[in-house]
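# An overview of the molecular structure
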Amino acid sequence: MSADPFSNRKPETGAFFQRDRLWHPPAFTPDYKTSVLRSPQKALLSLDNTLSEITGPVFGHNMLGELDNDLIHNFAKPGESAIGPRIIVYGRVLDERGKGVPGALLEFWQANAGGRYRHKKEGYLAALDPNFGGCGRTITNEEGNYAFRTIQPGPYPWPNGVNDWRPAHIHFSVFGHGFAQRLITQMYFEGDPMIWQCPIVKTIPDRAAVESLIAALDREATIPMDARAYKFDIVLRGRRSSLFENRLEGN
Amino acid sequence: MAQALNRLKESASQTAGPYVHIGLTPNFCDIKGVYPADLGATMVNEKTKGERITIRARVLDGTGTPLKDALIEIWQADADGLYNSPSEMRGTADPHFAGWGRKATDMDTGECVFETIKPGRVPFKNGRKMAPHISFWIVARGINIGLQTRMYFPEEEAANAEDPVLARIEHKVRVPTLIAQRAADGAYVFDIHLQGEKETVFFDI
Ligand SMILES: [Fe+3]
């Protein structure tokens with residue numbers, strides 16, 4: 001390959017940094033009861049990435065519809081909009097080296113302002129909003145930035161303990177450049193006392209790791225008389241430089 | 001003291017939860033009209049090169065019950081062993097094959113079906129060829145961080161025997177957990193066991 005190895009615009013082919021499994025939630029977290037029968041019990045097989053994990057599919061901006069990043073309108077009848085506090089969520093997808101990740105596919109889903117999901121297996125008595133579907137997506141730009149509009153979701157009860165509630169949150173699925181970077185996480189809202197009471201949040205052992213999932217209210221990015229803004233940055237695994245590839249002898 | 005490396009920490013994973021379909025396969029869960037189709041639902045077209053295969057996958061919990069709310073993504077090379085990715089430097093993959101698929105498991109049976117092609121062989125780091133395989137990523141309610149594994153092919157006995165990843169599995173009795181079975185109709189059946197005696201080998205990769 002003759003490409004300039006110092007340009008971050010060229011495809012990168014290095015393996016991803018090892019995942020810090022003490023920072024992520026472990027598989028077995030008995031206070032989140034569903035994990036008990038769904039957690040692998042044997043040790044994971046640790047392997048350096050092969051081409052199968054270093055590579056990943058590309059998602060082009062041309063697949064996006066005009067309203068994909070507008071949950072206030074993408075399911076609403078013409079001229080109507082979803083009910084609830086209007087917000088903008090924006091931020092940057094970076095990797096562990098601090099580099100912006102361009103072309104990352106972000107998909108997000110959430111409950112409506114009353115805490116109700118549009119799903120046939122959802123039985124919470126809060127009302128559905130006929131103008132709110134609850135899904136959206138976008139792709140980061142050259143610098144790794146993204147933004148979307150939505151309504152602030154409500155907290156909701158869930159069957160775990162007899163009286164467990166989820167803090168308001170937005171689910172995020174993130175697709176970076178390699179299949180090894182695949183990540184699903186959740187965004188929480190600054191100042192919500194329920195974050196620290198949630199069994200799913202508490203699967204994360206490290207307080208700083210939880211804090212990095214709490215979006216900050218950003219008064220400077222609000223649109224006056226329209227929507228407040230929350231900033232939520234997402235970090236994906238970094239990757240090693242392939243400047244000095246490890247050459248195995250005798251193969 | 002030394003200079004700071006200024007590395008960031010990867011965002012912590014959180015479970016995909018029971019309503020992952022809303023975000024990743026909205027048409028599958030009857031949220032219509034937002035996206036024209038669910039991403040990754042169709043992997044091949046009439047121009048895709050390679051042998052057509054069907055994979056029927058399930059994810060089973062510690063009691064052997066199939067998960068009815070799981071979501072599986074697969075990633076694979078094309079028929080010539082090339083990935084359709086900018087990080088693929090060995091050549092250009094089949095433009096009619098993205099190599100990536102996504103399916104939710106059926107809400108009644110727990111099964112999901114991928115219509116794809118059999119991948120070619122891809123080299124390991126040392127240049128030796130890995131056996132044909134498909135990478136799997138599994139998320140669901142109760143799974144705190146996405147699980148990574150691979151599916152290999154039962155008819156590739158010789159290639160599997162020299163596969164450098166399968167060779168790393170210390171307990172050889174666990175190797176078959178990564179090898180699909182062939183059903184009478186020719187489909188590959190791949191059961192992913194989260195726990196128990198038949199627990200699938202999952203990777204930290
Ligand atoms: Fe939720």
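Definitions and cut-offs
- Residues numbered from 1 in each chain as written.
- Chains lettered and ligands numbered in written order.
- Predicted model: local features only at pLDDT ≥ 70, side-chain atom pairs only at ≥ 80, totals over all residues.
- Heavy atoms only, no water.
- UniProt positions renumbered as here; feature names shortened; annotations may be inferred.
- Helix = DSSP H or I, 4+ residues; strand = E, 2+ residues; numbered from the N terminus.
- Contact = heavy atoms within 4.5 Å.
- Buried area = accessible area lost by both parts, 1.4 Å probe.
- Salt bridge = Lys/Arg side-chain N within 4 Å of Asp/Glu carboxyl O.
- Polar contact = N/O pair within 3.5 Å; in protein donor to acceptor, adjacent residues only side chain to side chain.
- Nonpolar A, V, L, I, M, F, W, Y, C, P; charged D, E, K, R; others polar.
- Buried < 20%, exposed > 50% of the residue type's maximum accessible area, 1.4 Å probe, protein only.
- Donors = N, O, S within 2.8 Å, 3.2 Å for Na, K, Ca; no water.
- Core = buried A, V, L, I, M, F, W, Y, C linked by side-chain atoms within 4.5 Å.

This brings us to the UniProt feature "domain: Intradiol ring-cleavage dioxygenases" (unreviewed entry) in chain B. In the UniProt entry, the feature "domain: Intradiol ring-cleavage dioxygenases" (unreviewed entry) is given for residues 41-196 of chain B. The straight-line gap between the two end C-alpha atoms of residues 41-196 of chain B is 31 Å; of that span, 3% is helix and 31% is strand.

Taken together, the contacts link 81 residues of chain B with 90 residues of chain A. Both faces combined, the contact of chain B with chain A buries some 7700 Å², and carbon together with sulfur accounts for 58% of it. Of all residues in chain B, Glu-10, Gln-14 and Asp-204 of chain B bury the most surface against chain A, accounting for 12% of the area lost on that side. Taken together, the links from chain B to chain A amount to 9 salt bridges. As a salt-bridge pair, Arg-150 of chain B and Glu-53 of chain A come within 2.9 Å of each other at their nearest N and O atoms. Run the count over chain B and chain A and you get 51 residue pairs in polar contact (both at pLDDT 80 or more). Among the elements of the structure, α1 (20-24), β2 (70-75), β3 (100-104), β5 (133-140), β6 (147-152) and β9 (203-204) of chain B are those that each provide at least two residues to the side of chain B that touches chain A. By residue number, the principal contributor to the side of chain B that touches chain A is β5 of chain B, which donates 6 residues. When the residues that make up the side of chain B that touches chain A are grouped by side-chain class, the tally is 41 nonpolar, 20 polar and 20 charged.

Residue and element names in this part refer to chain B. Although it is not a glycine, Asn-6 adopts a positive phi angle of roughly 55°. With respect to the helices and strands, Asn-6 occurs in the segment before α1. Asn-6 sits in the exposed class, given a relative accessible area of 62%. For Asp-30, which is not glycine, the phi dihedral falls at a positive 70°. Mapped onto the fold, Asp-30 is located in the loop between α1 and β1 (52-60). Given the relative accessible area of 46%, Asp-30 is considered partly exposed.

So, on to the side chain of His-21 of chain B. Mapping His-21 of chain B onto the fold places it in helix α1. Given a relative accessible area of 1%, His-21 of chain B falls into the buried group. A distance of 3.0 Å separates the side chain of His-21 of chain B from the side chain of His-119 of chain A, its partner in a polar contact. For His-21 of chain B, the residues in contact, after removing those within four places along its chain, are His-119 of chain A together with Pro-26, Phe-28, Cys-29, Asp-69, Ala-70, Ala-104 and Met-107 of chain B.

Moving on to the coordination of the iron ion. Residues and elements named next belong to chain A. Bound to the iron ion on the protein side are Tyr-117 (OH), Tyr-156 (OH), His-169 (NE2) and His-171 (NE2), at distances that span 1.9 to 2.2 Å. Between consecutive donors of the iron ion, the numbers of intervening residues give the motif Y-x38-Y-x12-H-x1-H. Linking Tyr-117 in the loop between β3 (105-109) and β4 (135-139) with Tyr-156 in strand β6 (residues 156-158), this pair joins segments that are 39 residues apart in sequence. Accessibility expressed as a relative area gives 8% for Tyr-156, which makes it buried.

Membership of the largest hydrophobic core comes to 87 residues, with the highest contact counts inside it found for Val-89, Val-93, Phe-172, Met-187 and Phe-232 of chain A. For this core, the element with the most residues is strand β9 (residues 183-189) of chain A, which contributes 5 residues. Val-59, Ile-74, Cys-112 and Tyr-188 of chain B belong to the second-largest nonpolar core, a separate cluster that totals 27 residues.

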